[in-house]
Amino acid sequence: MITVEDKLLVTKEINEVTIDYVKKIVFRKLLMTFCFELKQNTKRITGLIQRLNFYGIDAKPIELEFELLEQLENFIDNLKKEERTALYFWVLNQRYLHYLDELEYDDDTYSESEYDKKFSRELAYKIYEPNNSNLRQETVQELNNFLCTFGDCKLNSV
């Protein structure tokens, strides 16, 4: 952790390394969990992905949507703390402009340094309090979007 006067600093390089870690390690885990199950020492395609393939990503029944969301919740719960934190950084990157727009919409009376400080604190709060800040739910939504995009690309090419 890089700190100056008790302030957490996330440099561009640290952010890039964190996002790269998510893409190479955490997403691999997610896709392996989502796509394959281990049965008698062999990997089989999961029933979930088979049903998503049958219905299609956009036309899936609500029960299937709930099953997917439950699997994503379980996936997040089973990650190591470091993996989960890195995943939260990825979500912040995915939704950065949305967060920026939210803050700009709320109040435009801040000076530039006050604005930067307030925005940085809001992002840090999301990381440190993912359940209270809605970051946990946003993470499930972003992973759902990721899997649907992945599934749509893969299913259309089959």
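The notes below deal with the structure included here. (Residues numbered from 1 in each chain as written. Predicted model: local features only at pLDDT ≥ 70, side-chain atom pairs only at ≥ 80, totals over all residues. Heavy atoms only, no water.)

## So, the pattern of salt bridges
Here is the rule: A carboxyl oxygen of Asp or Glu within 4 Å of a side-chain nitrogen of Lys or Arg is what we treat as a salt bridge. Each helix is a run of DSSP H or I of at least 4 residues and each strand a run of E of at least 2, with the numbering of both proceeding from the N terminus. Each residue's exposure class comes from its accessible area (1.4 Å probe, protein chains only) as a fraction of the maximum for that residue type: buried when under 20%, exposed when over 50%, partly exposed otherwise.
A complete count under the given rule lists 7 salt bridges for this structure. Of the charged contacts, one joins K24 and D20 as a salt bridge, the two residues approaching to 3.2 Å between their closest N and O atoms. Remark: D20 and K24 occur in helix α1 (residues 12–35); sequence separation between them is 4 residues, near one turn of the helix. Relative accessible area serves as the criterion here: at 53%, K24 is assigned to the exposed category. A salt bridge links D77 to R136; its shortest N-O distance comes to 2.6 Å. One end of the pair, D77, is in helix α3 (residues 62–78); the other, R136, is in helix α7 (residues 135–157), and 59 residues separate them in sequence. When its relative accessible area of 46% is taken as the criterion, D77 is described as partly exposed. By sharing partners, the salt bridges in this structure join E73, D77 and R136 into a single network.

## Some points on the nonpolar core
Our working definition: Put simply, buried Ala, Val, Leu, Ile, Met, Phe, Trp, Tyr and Cys residues joined by side-chain atoms within 4.5 Å make one nonpolar core. By the convention used here, residues are in contact when the closest approach between their heavy atoms is within 4.5 Å.
F34, L87, W90 and L143 are the most contacted members of the largest nonpolar core, which totals 35 residues. Elements with a contribution of two residues or more to this core: α1, α2 (47–55), α3, α4 (81–94), α5 (96–106), α6 (112–128) and α7. Element by element, the count of residues in this core is highest for α1, at 8 residues. With near-sequence residues (within four places) excluded, L87 lies in contact with V22, V26, F27, I76, L79, T139 and L143.

## Quick word on the packing of aromatic side chains
Each aromatic ring pair is summarised here by two numbers: the centre-to-centre distance and the angle between the ring planes. For clarity, the cut-off: Pairing of aromatic rings covers Phe, Tyr and Trp, the last counted by its six-membered ring, and requires centre-to-centre distances within 6.5 Å; plane angles under 30 degrees mean stacked, over 60 mean edge-to-face, and any other angle means tilted.
In the structure shown here, the tally under the stated rule is 4 aromatic pairs. Taken together, a centroid distance of 4.2 Å and an interplanar angle of 25° make the contact between F27 and F146 stacked. Taken as a pair, F27 in helix α1 and F146 in helix α7 lie far apart in primary sequence, 119 residues in all. Judged by relative accessible area, which is 6%, F27 ranks as buried. In this structure F146 comes out as partly exposed when scored by relative accessible area, which is 23%.

## Structural notes on α1
Our working rule: The span one expects for a helix is its residue count, reduced by one, times 1.5 Å. In this analysis the local bend is the angle between axes fitted, respectively, to the seven residues ending at and the seven residues starting at the residue.
An ideal rise of 1.5 Å per residue puts 34 Å on 24 residues; α1 measures up with 33 Å between its terminal C-alpha atoms. Its maximal kink placed at V22, α1 deviates by approximately 35°. For α1, the set of buried residues is N15, T18, I19, V22, V26, F27, L30, L31, F34 and C35.

## Some points on the environment of C148
Tracing the backbone through its elements, the reader meets C148 in helix α7. Given a relative accessible area of 15%, C148 falls into the buried group. Sequence-wise, C148 and L52 are 96 residues apart; in three dimensions their C-alpha atoms are separated by 9.2 Å.

## Structural notes on the side chain of K126
We count it as follows: Residues scored as charged are limited to Lys and Arg (positive) and Asp and Glu (negative), so that His and the chain ends carry no count.
Its place among the elements puts K126 in helix α6. Nearest to the buried, unbridged K126 among oppositely charged side chains is E138, at 4.0 Å. Excluding its chain neighbours within four sequence positions, the residues that come into contact with K126 are L92, Y99, S133, L135 and E138.

## What about the packing of α4 against α6?
Our working rule: Axes, fitted as lines to C-alpha atoms, cover a helix only where it is in contact. Angles between the N-to-C directions of the axes lie from 0 to 180 degrees. Left-handed describes a crossing whose near helix is turned anticlockwise from the far helix through less than a right angle; right-handed describes the clockwise counterpart. Under the grouping applied here, Gly and all other residues not named as nonpolar or charged are polar, the nonpolar ones being Ala, Val, Leu, Ile, Met, Phe, Trp, Tyr, Cys and Pro and the charged ones Asp, Glu, Lys and Arg.
Contact pair α4 / α6: the axes reach a minimum separation of 10 Å and the direction vectors enclose 145°. In this structure, the crossing between α4 and α6 has a hand that is right-handed. Where α4 approaches α6, its residues T85, Y88, F89 and L92 are matched on the opposing element by L123, K126 and I127. The class makeup of the residues in the contact of α4 with α6 is 5 nonpolar, 1 polar and 1 charged.

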